[in-house]
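Structural description and commentary
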Amino acid sequence: MYRLNQFIAKSGICSRRGAEELILSGKISVNGKVIQNLSTKVSAQDLVKYENKILRIQDFKYILLNKPKGYITTVKDEKNRLTVMSLFKNSFNERLFPVGRLDKDTTGLLLLTNDGELTQKITHPKYAIKKVYHVVLDKKINLDNYQQIQSGIFLDDGFIKVDAIKILPDGNGKELGIEIHSGRNRIIRRIFLFFGYKVIKLDRVLLGSLTKKNLRRGNWRLLTKSEVGILKMN
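Now for the sheet that holds strand β2 (residues 28-30). Within a beta sheet, neighbouring strands are joined by backbone hydrogen bonds and run either parallel or antiparallel to one another. Read from one edge of the open sheet, 4 strands run β3-β2-β5-β6, paired in antiparallel fashion. Each of the sheet's edge strands pairs with one partner strand only, and the pair in question is β3 (33-34) and β6 (53-55). One ladder, built from 3 bridges, connects β2 with strand β5 (residues 48-50); its direction is antiparallel. In the sheet register, Ser 29 faces β5, and the bridge partner there is Lys 49.

In structure tokens, the structure reads:
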């Protein structure tokens, strides 16, 4: 037997907290009856629906991709542009979703999974999952601008402060490492654009405890059980 919110989370559509919200809002039915009681328990034989969609407990898959340039981070695209899903060539029966976004021109680590609870943990800023990027600018960064980025700046959608920033050696002042956990759209590019810099290259090199070690651009691999466990503990 499973608590209803646990069953919903194991179906992969959302986290347990999200499942509680679905239950309380009357969007979940069990064997044809709308259920709003959070203490309800169900078995794998019960017919659980989210609106009209039948929910089933899934085997979770966790795939780490070293995203190449030129692919958008979505499952489908109305304009028929290349998506990261095309890199898997129907390797999985499960319906996987990208965790967060990397824009078309950004490369590096991207996690894909059908585990809604882990997706929530990685994408929500309050969990502060570490994300580190290698940035290459079109010109040497000014020291005053560098210090302002360290202290935080105000963009049109509010204040933003990176977790850490470092000018990389042998990069002629144009290459930096940035740690940030904000998921705001194109945030790193906008930080530098604020000061008049163009980002020539943006590569995510660290995601939580995961690195690009032995993972060539465009390739992917399954996470190990220990890697998944560490991500869930963070």
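The discussion continues.
Another point: the pattern of salt bridges. Across all of its chains, the model carries 11 salt bridges by this definition. The salt bridge partner of Asp 77 is Arg 81, with a shortest N-O separation of 2.8 Å. Its salt-bridge partner being Arg 190, residue Asp 156 comes within 3.5 Å of it at the nearest N-O pair. With Asp 156 in the loop between β11 (153-155) and β12 (158-160) and Arg 190 in helix α5 (residues 187-194), this pair connects stretches of sequence that are 34 residues apart. For Asp 156, a relative accessible area of 78% translates into the label exposed.

Turning next to the packing of helix α3 (residues 116-123) against helix α6 (residues 225-233). As a packed pair, α3 and α6 sit with axes 10 Å apart at the nearest point and diverge in direction by 55°. It follows from the interaxial angle that α3 and α6 lie oblique. The handedness of the crossing between α3 and α6 is left-handed. Taking contact as the criterion, the partners of Leu 118, Lys 121 and Ile 122 in α3 are, on α6, Leu 231, Lys 232 and Met 233. Looking at the contact of α3 with α6 residue by residue, the class counts come to 4 nonpolar, no polar and 2 charged.

Definitions and limits used
- Residues numbered from 1 in each chain as written.
- Predicted model: local features only at pLDDT ≥ 70, side-chain atom pairs only at ≥ 80, totals over all residues.
- Heavy atoms only, no water.
- Pairing = 2+ DSSP bridges.
- Helix = DSSP H or I, 4+ residues; strand = E, 2+ residues; numbered from the N terminus.
- Salt bridge = Lys/Arg side-chain N within 4 Å of Asp/Glu carboxyl O.
- Buried < 20%, exposed > 50% of the residue type's maximum accessible area, 1.4 Å probe, protein only.
- Axes fitted to C-alpha atoms, helices over the stretch in contact; angles between N-to-C directions.
- Parallel < 35°, antiparallel > 145°, perpendicular 65-115°, else oblique.
- Left-handed = near helix turned anticlockwise from the far one by under 90°.
- Contact = heavy atoms within 4.5 Å.
- Nonpolar A, V, L, I, M, F, W, Y, C, P; charged D, E, K, R; others polar.

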